[in-house]
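Examining the three-dimensional arrangement
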Amino acid sequence: MKTGNQSFGTDFLLVGLFQYGRINSLLFVVIATLFTVALTGNIMLIHLIRLNTRLHTPMYFLLSQLSIIDLMYISTTVPKMAVNFLSQSKTITFLGCEIQMYVFLALGGTEALLLGFMSYDRYVAICHPLHYPILMSKKICCLMVACAWASSSISAFIHTLYVFQLPFCRSRLINHFFCEVPALLSLVCQDTSHYEYTVLLSGLTILLLPFLAILASYARVLIVVFQMSSGKGQAKAVSTCSCHLIVASLSYATALSTYTKPHSLRSPSWDKAVAVFYTIVTPLLNPFIYSLRNKEVTGAMRRLLGSWICCRKYDFRFLYS
């Protein structure tokens, strides 16, 4: 049965991050370790925010959503990449590739928009503190998160639907470690220049606009912060904003370099190296940047560990009394 896409129902072959078989076992251990650390960090942060009532604020609600996204985000690409280091068959089915690309685009777009909303939260908290309970109410926070998920999911669905109806008649070899739009377009045997403009427009809308909003928000925040007379207030605000800017810069800069670059200037090796940052490094760093640089989170963690140790001591004394 022939359709507009001649490769429907066939498998793709993922080249992977590197093509050096002798170090595949080492790479598997490294990637598996990073994956485990990322999962542990994000799960701990989610549970810490859920269990500690002092962290039930709009800022930490958005942060918990970021951790949930990162959990799903890193689980979309890394397990398959790690398994391929040890497997002789590096294939991924047509449907599997389609699902992976859709989930990856939906989660990536949601995270990009969510980081923008988080910068708005800090802007309102510092520049308009009296209006904060109104402008960042529970209803508005939930609406922000819902809009981020819905808009990104729709955009991802449209891109996935279009890409996988194109004719893949050149090669089955995807020069990447997961199914990403630029890598798949190189397998298409028709002119995709018009669609690449659509990808560029989507990248500018979903990535560049929130990033510019973040920069504008924090520019205003820094102006207000350095007008404060309280050194303690300055330190707290700068600490929170610097954490967010580190995460935002990693996420947006690497993603923009992939999704706004013309096809003629692409290098598969460079694209894979950059992709490591927004698929592995960012989800790995997020929970530690926000927790280790945030006194409220570290304080909540100490209190939680303290109560756990006390409970363990009480149980131990009860058993041997």
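Under the annotation held in an unreviewed UniProt entry, the protein chain carries the name Olfactory receptor and is attributed to Pongo abelii. Note on the protein chain: under the UniProt heading Subcellular location (unreviewed entry), the record states "Cell membrane". The UniProt entry for the protein chain carries this comment under Function (unreviewed entry): "Odorant receptor."

Now for the state of the cysteines. In the structure shown here, the tally under the stated rule is one disulfide. A sulfur-sulfur distance of 2.0 Å marks the disulfide that ties C97 to C179. Taking the sign of the S-S torsion, about -125 degrees here, the bridge from C97 to C179 comes out left-handed. Here C97, found in helix α3 (residues 94-127), pairs with C179, found in the loop between β3 (173-174) and α6 (181-185); they are 82 residues apart in sequence, far enough to count as distant.

Time to look at the packing of aromatic side chains. Applying the stated criterion to the full structure yields ten aromatic pairs. Taking the centre distance of 5.1 Å and the plane angle of 55 degrees together, the rings of F177 and F178 count as tilted. Members of the aromatic cluster, each reached through a chain of ring pairs, are Y73, F104, F177, F178 and Y278.

For the rest of this paragraph, the subject is a nonpolar patch on the surface. A surface patch of nonpolar side chains, about 420 Å² in accessible area, is lined by I154, F157, I158 and L161. Secondary-structure assignment places I154 in helix α5 (residues 138-163).

Moving on, we come to the sheet that holds strand β2 (residues 91-93). On the basis of which strands lie adjacent, the open sheet formed by three strands has the order β2-β1-β3 and mixed pairing. The two strands at the open ends of the sheet, each matched to only one other strand, are β2 and β3. Looking at chain direction, strand β1 (residues 11-14) and β3 are connected through two bridges and run parallel. Residue pairing across strands places L13 opposite L173, the latter belonging to β3. Running at roughly 80 degrees to β2, α3 makes contact with β1, β2 and β3 of the sheet.

What follows deals with the pattern of salt bridges. Summed over all chains, the structure comprises one salt bridge. For R122, the salt bridge identified is with D121, shortest N-O distance 2.8 Å. The exposure classification of R122 matches that of D121, with both residues buried.

Time to look at the confidence of the model for the protein chain. Across the protein chain, the average pLDDT comes to 84, with 85% of residues at 70 or higher. When the elements of the protein chain are averaged for pLDDT, helix α10 (residues 295-319) gives the smallest value, 63, and α5 the largest, 95. Note that pLDDT drops below 50 for residues 1-9; the model gives that stretch 16 contacts with residues more than four away or on any other chain.

What counts as what
Residues numbered from 1 in each chain as written. Predicted model: local features only at pLDDT ≥ 70, side-chain atom pairs only at ≥ 80, totals over all residues. Heavy atoms only, no water. UniProt positions renumbered as here; feature names shortened; annotations may be inferred. Disulfide = S-S within 2.5 Å. Helix = DSSP H or I, 4+ residues; strand = E, 2+ residues; numbered from the N terminus. Phe/Tyr/Trp six-rings, centres within 6.5 Å; stacked < 30°, edge-to-face > 60°. Patch = residues over 30% accessible without salt bridge, like charges linked within 9 Å, V, L, I, M, F, W, Y side chains within 5 Å. Areas by Shrake-Rupley, 256 points an atom, 1.4 Å probe, with all protein chains shown as cover. Salt bridge = Lys/Arg side-chain N within 4 Å of Asp/Glu carboxyl O. Pairing = 2+ DSSP bridges. Contact = heavy atoms within 4.5 Å. Axes fitted to C-alpha atoms, helices over the stretch in contact; angles between N-to-C directions. Buried < 20%, exposed > 50% of the residue type's maximum accessible area, 1.4 Å probe, protein only. pLDDT = per-residue confidence, 0-100.

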